[in-house]
Amino acid sequence: MPDIGKVTEKLQEAGAVVPGKRLRLDFGDEGCIFLDGVDNAVSNDAAVAADTTIKVSLDNFVALAQGKLNPAMAFMSGKLQIAGDMGVAMQLQSVTSKMAR
């Protein structure tokens, strides 16, 4: 099982944010990762408002980043849920590709 701290660190090192936007990756009981493209920061702060929240399990997020799970199929099957600006959510692939490096 992936460790949220290591995933956060990897996203932070890669600068994996959507420029000018705030995106929350909500992993339920496992926590969240906040990608702040306004302040160019990555944290586990759950209190800051986001333009978009993507609800997904940490395992499925890692599978997305590794190219083992198709984002469209994850959305259609309910493994990934989006609340907020869909345009920001469409940029998720650019975020996950930075993590895979």
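Above this note sits the structure.
Everything in this summary refers to the structure shown in the same document. Keep in mind that what you see is a predicted model, and the values were worked out from it rather than measured.

Cut-off values and rules
Residues numbered from 1 in each chain as written. Predicted model: local features only at pLDDT ≥ 70, side-chain atom pairs only at ≥ 80, totals over all residues. Heavy atoms only, no water. Patch = residues over 30% accessible without salt bridge, like charges linked within 9 Å, V, L, I, M, F, W, Y side chains within 5 Å. Areas by Shrake-Rupley, 256 points an atom, 1.4 Å probe, with all protein chains shown as cover. Salt bridge = Lys/Arg side-chain N within 4 Å of Asp/Glu carboxyl O. Helix = DSSP H or I, 4+ residues; strand = E, 2+ residues; numbered from the N terminus. Pairing = 2+ DSSP bridges. Axes fitted to C-alpha atoms, helices over the stretch in contact; angles between N-to-C directions. Core = buried A, V, L, I, M, F, W, Y, C linked by side-chain atoms within 4.5 Å. Buried < 20%, exposed > 50% of the residue type's maximum accessible area, 1.4 Å probe, protein only. Contact = heavy atoms within 4.5 Å.

With that settled, the discussion passes to a nonpolar patch on the surface. A contiguous nonpolar surface patch, about 470 Å² in accessible area, is contributed by Phe75, Met76, Met86 and Met90. Relative to the elements of secondary structure, Phe75 occurs in helix α3 (residues 71-76).

Turning to the sheet that holds strand β5 (residues 80-84), a few remarks are in order. The sheet built from five strands is open, its strands ordered β3-β2-β1-β4-β5 with mixed pairing. Taken across any chain shown, the strands that pair with only one partner, and hence form the sheet edges, are β3 (41-43) and β5. Looking at each pair of strands side by side, their axes are set apart by 15° on average, direction ignored.

Once that is clear, we can look at the nonpolar core. Judged by nonpolar contacts, the single largest core of 28 residues is most densely connected at Leu11, Leu25, Ile33, Leu35 and Phe61. Secondary-structure elements contributing two or more residues to this core are α1 (4-14), β1 (22-26), β2 (32-36), β4 (52-56), α2 (58-65), α4 (86-89) and α5 (92-99). At six residues, α2 tops the list of elements feeding residues into this core. Excluding anything up to four places from it in sequence, Ile33 contacts Ile4, Val7, Thr8, Leu11, Leu23, Arg24, Leu25, Phe27, Val42, Ser43 and Asn44.

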